[in-house]
Amino acid sequence: MFWKIVGGLIVAWVAFMVLGAVIGFVFKAVLWIAIIGGIAFLGAAGYRAISGGKRDPRRINRY
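Calculation notes
- Residues numbered from 1 in each chain as written.
- Predicted model: local features only at pLDDT ≥ 70, side-chain atom pairs only at ≥ 80, totals over all residues.
- Heavy atoms only, no water.
- Helix = DSSP H or I, 4+ residues; strand = E, 2+ residues; numbered from the N terminus.
- Buried < 20%, exposed > 50% of the residue type's maximum accessible area, 1.4 Å probe, protein only.
- Patch = residues over 30% accessible without salt bridge, like charges linked within 9 Å, V, L, I, M, F, W, Y side chains within 5 Å.
- Areas by Shrake-Rupley, 256 points an atom, 1.4 Å probe, with all protein chains shown as cover.
- Salt bridge = Lys/Arg side-chain N within 4 Å of Asp/Glu carboxyl O.
- UniProt positions renumbered as here; feature names shortened; annotations may be inferred.

A. Examining the overall build of the protein chain more closely. Of regular secondary structure, the protein chain possesses one helix and zero strands. Per-residue burial over the protein chain gives 2% buried out of 63 residues.

Below is the structure:
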């Protein structure tokens with residue numbers, strides 16, 4: 001009986017370790033994707049702001 005309890009605890013511990021590793025990897029991957037996406041968005045917005053966008057013929061000229 002003692003070894004069944006110890007074996008069950010070891011199996012549970014291994015399962016939690018694997019689950020923690022998978023969730024940690026997914027969290028880090030999503031975090032890095034969000035950081036890279038944010039940098040790309042800020043770069044595109046900055047480029048658009050610097051270029052002005054006045055050369056777009058579809059843009060309405062209000063001045």
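B. Layout of a nonpolar patch on the surface. Together, I10, W13, V14, M17, V18, V22, F25, V26 and V30 give the surface a local cluster of nonpolar side chains, amounting to about 910 Å² of exposed area. Mapped onto the elements, W13 comes out in helix α1 (residues 2-51).

C. Local environment of the UniProt feature "transmembrane region" (unreviewed entry) in the protein chain. Per the UniProt record, the feature "transmembrane region" (unreviewed entry) sits at residues 30-50. Helix and strand shares over residues 30-50 are 100% and 0% respectively, and the end C-alpha atoms of the span are 30 Å apart.

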